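A closer look at the structure
Here's the letter readout for the chains.
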Amino acid sequence: MEKQEIIISSQHVSKSFGKQLVLNDITLEIFSGEIFGLLGPSGAGKTTLVKQLIGLDLPTGGENYIFQTRMPSLSIVERIGYMAQSDALYEELSAKENLEFFASLYGLTRKQRQNRIREVMEIVELSDHLHKLVSNYSGGMKRRLSLAIALLHEPELLILDEPTVGIDPVLRKSIWESFYELKKKGITIIVTTHVMDEAEKCDRLGMIRDGQLIAVGTPAELKNKTNSSTIEEAFLVYGGAES
Amino acid sequence: MRIAALVIRILRQFIRDKRTMALMIVAPILVLTMLNLVFNGDDYEPKIGLVNVPEQIHSKLNLENATISDYQTNKHAKEDLVDKKLDGYVVFEQQSPYVFLEGSDPGVNGAVMKWVQAAFKPLQKNAPPTELDVNYLHGSSDMGQFDYFGPVLLGFFVFFFVFLIAGVSFLRERTTGTLERLLSSPLRRWEIVIGYIGGFGIFTILQAGIIVSFAIYVLHMLMEGAFGYVLLITLLLSLTALTLGIFLSSFANNELQMIQFIPIVAIPQIFFSGLFNLETISEWVSWIGPFTPLYYAADALRDVMVRGYGWKDIYLDLLVLTGFSALFIILNIFALKKYRKI
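Below or above, wherever it landed, is the structure these notes cover. (Residues numbered from 1 in each chain as written. Chains lettered and ligands numbered in written order. Predicted model: local features only at pLDDT ≥ 70, side-chain atom pairs only at ≥ 80, totals over all residues. Heavy atoms only, no water.)

With that settled, consider the overall build of chain A. Assigned secondary structure in chain A consists of nine helices and ten strands. Rg of the C-alpha trace for chain A: 18 Å, near the compact-globule value of 18 Å for 243 residues, within the 12% margin. Each principal axis of the C-alpha atoms in chain A carries an extent, and together these give about 50 × 40 × 35 Å. Within the span of chain A, comprising 243 residues, buried residues form 54% of the whole. Of all intrachain contacts in chain A linking residues separated by at least 6 positions in sequence, the fraction that spans at least 24 positions is 66%. Approximately 10,900 Å² of chain A is accessible, and the part contributed by carbon and sulfur atoms is 49%. Between the mean site of the 27 positive side-chain charges and the mean site of the 33 negative ones, chain A shows a separation of 3 Å. (Helix = DSSP H or I, 4+ residues; strand = E, 2+ residues; numbered from the N terminus. Rg over C-alpha atoms; globule rule 2.2 N^0.38 Å. Buried < 20%, exposed > 50% of the residue type's maximum accessible area, 1.4 Å probe, protein only. Contact = heavy atoms within 4.5 Å. Areas by Shrake-Rupley, 256 points an atom, 1.4 Å probe, with all protein chains shown as cover. Lys, Arg positive; Asp, Glu negative; His and termini not counted. Charge placed at Lys NZ, Arg CZ, Asp CG, Glu CD.)

Here is the structure:
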């Protein structure tokens, strides 16, 4: 993993809403082709950081660079696939109509659209439900459709905010397998999660608590340094040392 | 116990949502006040012209409760009538007077006729009652109140529904997170606004077409002018409703709060758009009229449907409506900055 190209670089990023400090001086580098997990409890600031990376939010201090370009930048946004915490689907439309709509936003031609829709629906195993109305989808299916939409325009960087919430273990495994497939193609993936065992599956982890980045490293490194057997224990050690 | 807990929870929610609470009290007060102002307004004082009235008759007439102008010729009086400076005029020819009315507002027609009868009473003391000959510039004695109110109501309902539906659907976009998703794509902010206008624009052409056709062909609303103009006016009006609805939706957190805009934004327009004669509404509120889009749409609709006018009489109204839309579009593009800075 070392000596890789830096894809994302956050430099002393802070964010405050009024007096409340949500992100506190975060400096972080993410390399090309890795699966980077942002681990932390809800309210730690994961979503805020991720929104800044996609350009939906601005830091009150510091800068974020993606592909060596300072965010927000509309030309960079085209190279990122983003999946928000909420499913953000048009329930009154069918899955296909949703996919077609978002594919068109990224300027895919009719032919590209058809091919990509078929491909991404295979990845998330929803090919049989292409023509169903989204309002008839289950929570897990919606989540997977959201993921499919994020993959549509073949982004080089995927930013996924809690991608596996509400998805059963079998499907979660298959989704992670698709992440590894994407990684093989050289795609960089950032995943936020509050599930400790999911964190083990990432190449590297960033632990966030109360807006601070308390540790960065591979799951093995983090466990070794703290003499822990699980990521959860490691998190407790880093979190405890901080307070 | 569970019920009590529920009641307390609901009360707490109300207390948190100060806005809904305020609205539930303020809105009825507001609407009642408006109705009061409108219906307890002054009696309408007609503007009447007298043409060629012989001196000895003029001195005998009872000229109270009207604004009187004297004319030498029929032509000048008619010109002022067309310009709405007069509501009607009385012409004396060979002892038999006749009345000429502007005629588009049955309420005003009635006021003029009532005044004329009162004015001529002193004359009739020593003469047999003379039959008055009545002519109309627009409309006729068959014209009902609905024909006059119709165009305004037509405009209002188009405005109301487009406003509400556009507002709520944009609000949904925000609350379901799809707006965020749109903004995480390369879509520009102005593209979102224009996209909405396009989508709704097409829908409202259909909507306006159906409503206008229904009003004219089913309800037999008076229709003197061209159908195309009526469509154009309703389309421009719905565009202002759409852009205003989207803009205001950014100040609502849920559908209920969107509905709260109805008594604040939609209903008042109906009072100040000419449904009721603005001259009889207290002066301290009648100035609101020119600030409401419906005021211009209603004027244009009435010009076309009741008076049968064409382009040169309505283009100013259409221009103002377009201006309202342009203003709201720009405000929308800025309002979206809240969600993405570029």
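Our next topic: the pairing of strand 6 (residues 80–83) of chain A. All names here are of chain A. On strand 6, burial covers both faces: I80 and Y82 on one face and G81 and M83 on the other are all buried. Bridge analysis of strand 6 against strand 7 (residues 157–161) gives four bridges, and the strand direction is parallel. Following the sheet pairing, I80 is matched in strand 7 by L157. (Pairing = 2+ DSSP bridges.)

Before going further, it helps to spend a moment on the sheet that holds strand 3 (residues 35–39) of chain A. All names here are of chain A. Read across the sheet, six strands follow the order 6-7-8-3-9-10 without closing on themselves; strand pairing throughout is mixed. Among the strands making up the open sheet, the edge pair consists of strand 6 and strand 10 (212–217). Strand after strand, the sheet turns through a mean of 15 degrees between neighbouring axes, direction not considered. Against the sheet, helix 5 (residues 139–151) engages strand 6 and strand 7, with an angle of about 165 degrees to strand 6. (Axes fitted to C-alpha atoms, helices over the stretch in contact; angles between N-to-C directions.)

Attention now goes to the packing of aromatic side chains. The description of an aromatic ring pair rests on the distance of the ring centres and on the angle between the ring planes. Inspection of every chain in the model, using the stated rule, returns 18 aromatic pairs over all chains. When the centroid spacing of 6.1 Å and the interplanar angle of 25 degrees are considered together, the rings of Y90 of chain A and F102 of chain A count as stacked. Of this pair, Y90 of chain A sits in the loop between strand 6 and helix 3 (95–105) while F102 of chain A sits in helix 3, placing them twelve residues apart in sequence. Take Y90 of chain A: its relative accessible area is 14%, and that puts it in the buried class. Through pairs of rings, three or more aromatic residues link up here, namely F156, F157, F160 and F161 of chain B. Lying across the ring of F67 of chain A, R79 of chain A places its NZ or CZ 4.0 Å from the centre. (Phe/Tyr/Trp six-rings, centres within 6.5 Å; stacked < 30°, edge-to-face > 60°. Lys NZ or Arg CZ within 6 Å of the ring centre and 35° of its normal.)

All names here are of chain B. Note on placement: L206 falls in helix 8 (residues 189–218). L206 gets classed as exposed once you look at its relative accessible area, which sits at 54%. Sequence separation between L206 and L235 is 29 residues; the distance between their C-alpha atoms is 9.5 Å.

Residue and element names in this part refer to chain A. Their axes nearest at 9 Å, the elements helix 4 (residues 110–123) and helix 5 cross at an angle of 135 degrees. Here helix 4 lies oblique to helix 5, going by the angle between them. As for how helix 4 packs across helix 5, the hand of that crossing is right-handed. Across the interface between the two elements, R116, V120, M121 and I123 of helix 4 pack against L145, A148 and L151 of helix 5. When the residues that make up the contact of helix 4 with helix 5 are grouped by side-chain class, the tally is six nonpolar, no polar and one charged. (Parallel < 35°, antiparallel > 145°, perpendicular 65-115°, else oblique. Left-handed = near helix turned anticlockwise from the far one by under 90°. Nonpolar A, V, L, I, M, F, W, Y, C, P; charged D, E, K, R; others polar.)

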